[in-house]
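# Residue-level structure breakdown
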Amino acid sequence: MTAIETPIPVRSPLPQGLAGQTAVILGGSSGIGLAAGAMLASLGARVVLTGRDKARLDAAVEHARAAGPGAEVLGVAADVTDDAALEETFERAGTVDHVLLTAGGFAGTQPITEVTRDAARGTFDGRLWPALAAARTAVPRMNPGGSITLTSGNLVVRPRPGMTVLSAVGGIETLTRALAVDLAPRRMRANTVRYGMIDTPLARGVLSAGADRAGDEAMAEAGLQTPLGRFGTADEAASAVLFLMANPYMTGEILTIDGGQDF
Ligand SMILES: NC(=O)c1ccc[n+]([C@@H]2O[C@H](COP(=O)([O-])OP(=O)(O)OC[C@H]3O[C@@H](n4cnc5c(N)ncnc54)[C@H](OP(=O)(O)O)[C@@H]3O)[C@@H](O)[C@H]2O)c1
């Protein structure tokens, strides 16, 4: 580990301080990552978006460019479970300040008696390994003051029957604190945002709600059960990421955005 002698740089902790910085969003073509990319571009950050589906990625790049006219936005089609593709993504990104990992689905929901080693391994390979691989690949290219933001969900604190494997992915939170300690001598940071139900294509898929008006109504109806009467928006979810990226004194933190859903 390369330790550096100077403290982490002091700079504005406001999101505006992200102007001119480079952020790589692994999972930037939908939902929370898509919203974060557009917000970062609107602030004048250089943004690198990834996702597997090229058409969806191209649309996300256009969306971010529209949000931040003049901002540099690059799309790299890549699967985060593919180490070589991750390497190529960061090679193309060049020097990086911030990384957000939102890639991941909802796999790992078998009853415990039906869990197979292959299925569990698939969930861990899809959710835990990419966090380690992203950190391993990004850190040599990151500037001091830079950050890695990971994603977890409130299953970690409110497990549900039949979701033992998916809940175990909450190990991402322990990994975050370990990574924060590991990266501190380089004056880099690691944090996680833990989400409750956020209205994104992923959440709609879980609740069998479409992207149409009937889907909107189904989400609104289901959201009424939460303390604040609706699910979170992707923008509300993404703004927590920008806070963690921008504030140089935030590290090792698990920030919950769930509208009180785990009361
Ligand atoms: N929304 C919620 O209510 C909620 C709650 C708790 C936690 N979370 C977590 O928050 C994260 C973001 O959720 P979201 O709702 O924004 O999901 P989303 O709308 O499905 O977006 C996921 C993004 O990740 C990409 N992706 C998925 N697997 C990938 C892979 N293997 N390689 C590269 N890109 C990949 C997707 O594009 P491609 O499919 O084209 O690759 C897409 O851009 C997820 O990790 C999710 O588990 C969400």
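Residues numbered from 1 in each chain as written. Predicted model: local features only at pLDDT ≥ 70, side-chain atom pairs only at ≥ 80, totals over all residues. Heavy atoms only, no water.

## Focus: the site of the ligand
Worth spelling out the cut-off: By convention in these notes, a residue is near a molecule or strand provided one of its non-hydrogen atoms lies within 4 Å of it. N or O atoms closer than or at 3.5 Å make up a polar contact, with two conditions inside protein: a donor-capable atom paired with an acceptor-capable one, and, for residues adjacent in sequence, both atoms drawn from side chains. Calculation of accessible area relied on Shrake-Rupley with a 1.4 Å probe; when residues are assessed, cover is drawn exclusively from the protein chains displayed. Here a strand is any run of E in DSSP of at least two residues, a helix any run of H or I of at least four, and the numbering for each starts at the N terminus. Under the scheme applied, nonpolar residues are Ala, Val, Leu, Ile, Met, Phe, Trp, Tyr, Cys and Pro; charged residues are Asp, Glu, Lys and Arg; polar residues are all the others, including Gly.
Near the ligand you find 29 residues, and of these Ser29, Ser30, Arg52, Ile198 and Thr200 are the closest. Within the side chain of Ser30, a nitrogen or oxygen atom sits 2.6 Å from an oxygen atom of the ligand. Between Asp79 and the ligand, the recorded distance is 3.0 Å, taken from a side-chain N or O atom to a nitrogen atom. Within the complex, the protein chains bury 90% of what would otherwise be the 890 Å² of accessible surface of the ligand. Mapped onto the shell around the ligand, the elements with two or more residues apiece are helix 1 (31–42), strand 5 (142–153) and helix 8 (201–206). Looking at the shell around the ligand, its residues break down into ten nonpolar, 14 polar and five charged.

## Concerning the packing of helix 3 (residues 83–93) against helix 5 (residues 129–138)
Between two packed helices, the angle of one axis relative to the other and the distance separating the axes together describe the packing. Rules: Only the stretch in contact is used when a helix axis is fitted, and all axes are lines through C-alpha atoms; the angle between N-to-C directions ranges over 0 to 180 degrees. Under this scheme an angle from 65 to 115 degrees is roughly perpendicular, one under 35 degrees roughly parallel, and one over 145 degrees roughly antiparallel; angles in between are oblique. A clockwise turn of the near helix away from the far one marks a right-handed crossing, whereas an anticlockwise turn of less than a right angle marks a left-handed crossing. In what follows, a contact means two residues having at least one pair of non-hydrogen atoms within 4.5 Å.
Remark: helix 3 packs on helix 5, axes separated minimally by 10 Å, with the N-to-C direction vectors making an angle of 40°. With respect to helix 5, the axis of helix 3 lies oblique. Crossing of helix 3 over helix 5 shows right-handed handedness. In this structure, helix 3 contributes Asp83, Leu86, Glu87 and Phe90 to the contact, and helix 5 contributes Trp129, Ala133, Ala134, Arg136, Thr137 and Ala138. Looking at the contact of helix 3 with helix 5 residue by residue, the class counts come to six nonpolar, one polar and three charged.

## Focus on the pairing of strand 4 (residues 96–101)
Along a regular strand, successive side chains alternate from one face of the sheet to the other. What counts is decided by this rule: With a 1.4 Å probe rolled over the protein chains alone, any residue whose accessible area is under 20% of its type maximum counts as buried; one over 50% counts as exposed, and the rest are partly exposed. We treat two strands as partners when DSSP finds at least two bridges between them.
Within strand 4, six of the six residues are buried, which leaves it mostly tucked inside the rest of the structure. Direction of pairing for strand 1 (residues 22–26) relative to strand 4: parallel, over a ladder of four bridges. From the neighbouring strand, Ala23 faces strand 4, where its bridge partner is His98. When strand 4 meets strand 5, the two strands line up parallel, connected through four bridges. From the neighbouring strand, His98 faces strand 5, where its bridge partner is Ser147.

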